[in-house]
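These are the residues of each chain, in order.
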Amino acid sequence: MGNALKFSLLSLSLLIAVDAWGQIPSLANCTRSANLLACVDPDGNAYSVNTVGSTIYLRGFEVAGKRYWAQTNSRYGQLTFFTGIASDGEAWVGYNRRVGWTTINRFSSSGGSSGKFTCSRMTGC
């Protein structure tokens, strides 16, 4: 699975788990407005998260792969579907389902990666 997909999944899980703290200096330098969060990490990776109603738009740049990526998340109650694409042509789809304090995540990508992982506020991912 591409780093962009891992990065975006973890970013989304972090946003869901802590409801967007704003700035976490040791991880990334972030700027926040009413519906936009823009961050750059110490390695130069950059991403933004824009919220419009129940839809979340993620955009980013991955230094290691020198590629841009975009992902759209649509939320329906406790279920969030996402689709994404990177500048090198990789595409991915998946969903997150919240059950109490636990988030169940499933994904697959055109690069042949697929998987399932579970995150909990108590035990992490």
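Keep in mind that this is a model prediction, so the values were computed, not measured.

Basis of the calculations
Residues numbered from 1 in each chain as written. Predicted model: local features only at pLDDT ≥ 70, side-chain atom pairs only at ≥ 80, totals over all residues. Heavy atoms only, no water. Pairing = 2+ DSSP bridges. Helix = DSSP H or I, 4+ residues; strand = E, 2+ residues; numbered from the N terminus. Core = buried A, V, L, I, M, F, W, Y, C linked by side-chain atoms within 4.5 Å. Buried < 20%, exposed > 50% of the residue type's maximum accessible area, 1.4 Å probe, protein only. Disulfide = S-S within 2.5 Å. pLDDT = per-residue confidence, 0-100. Contact = heavy atoms within 4.5 Å.

Across seven bridges, strand β8 (residues 102-109) lies against strand β9 (residues 114-120) in antiparallel orientation. Looking at β9, one finds that Ser 108 is bridged to Ser 114. The loop that links β8 with its antiparallel partner β9 comprises four residues; one of these, Gly 112, has a positive phi angle of about 95°.

Turning to the nonpolar core, a few remarks are in order. In this structure, Ala 28, Cys 30, Leu 37, Cys 39, Tyr 47, Val 49, Leu 58, Trp 69, Phe 82, Ala 86, Trp 92 and Phe 107 together form the largest nonpolar core, which totals twelve residues. At the level of elements, β2 (36-40), β3 (46-52) and β6 (79-86) are the ones that each hand at least two residues to this core.

The next point concerns the pairing of strand β7 (residues 91-99). The sheet contact formed by β6 and β7 spans seven bridges and is antiparallel. Each residue of the ladder has a partner; that of Leu 79, found in β7, is Arg 97. Taking the residues that link successive antiparallel strands as the turn, the β6-β7 hairpin has four residues, and the phi of Gly 89 there is positive, at about 100°. As paired strands, β7 and β8 are joined by eight bridges and run antiparallel to one another. Opposite Arg 97, over in β8, you have Ile 104 as the bridge partner. Hairpin remark: β7 followed by β8, antiparallel, with two residues in the connecting loop; positive phi at Gly 100, about 65°.

Applying the stated criterion to the full structure yields two disulfides. Between the sulfur atoms of Cys 30 and its disulfide mate Cys 39 the distance is 2.1 Å. Note on the Cys 30 and Cys 39 pair: the S-S dihedral is about 110°, so by sign convention the disulfide is right-handed. Classification of Cys 39 by relative accessible area gives buried; the value is 2%. Covalently, Cys 119 is tied to Cys 125 through a disulfide, its sulfur atoms 2.0 Å apart. With the S-S dihedral at roughly 105°, the linkage between Cys 119 and Cys 125 falls on the right-handed side. With relative accessibility at 64%, the residue Cys 125 sits in the exposed group. The disulfide pattern of the chain is 1-2, 3-4 when the bonded cysteines are numbered in sequence order.

Looking at the chain as a whole, the pLDDT averages 86, with 79% of positions reaching at least 70. The low-confidence segment residues 14-21, where pLDDT is below 50, has ten contacts with residues more than four positions distant or belonging to other chains.

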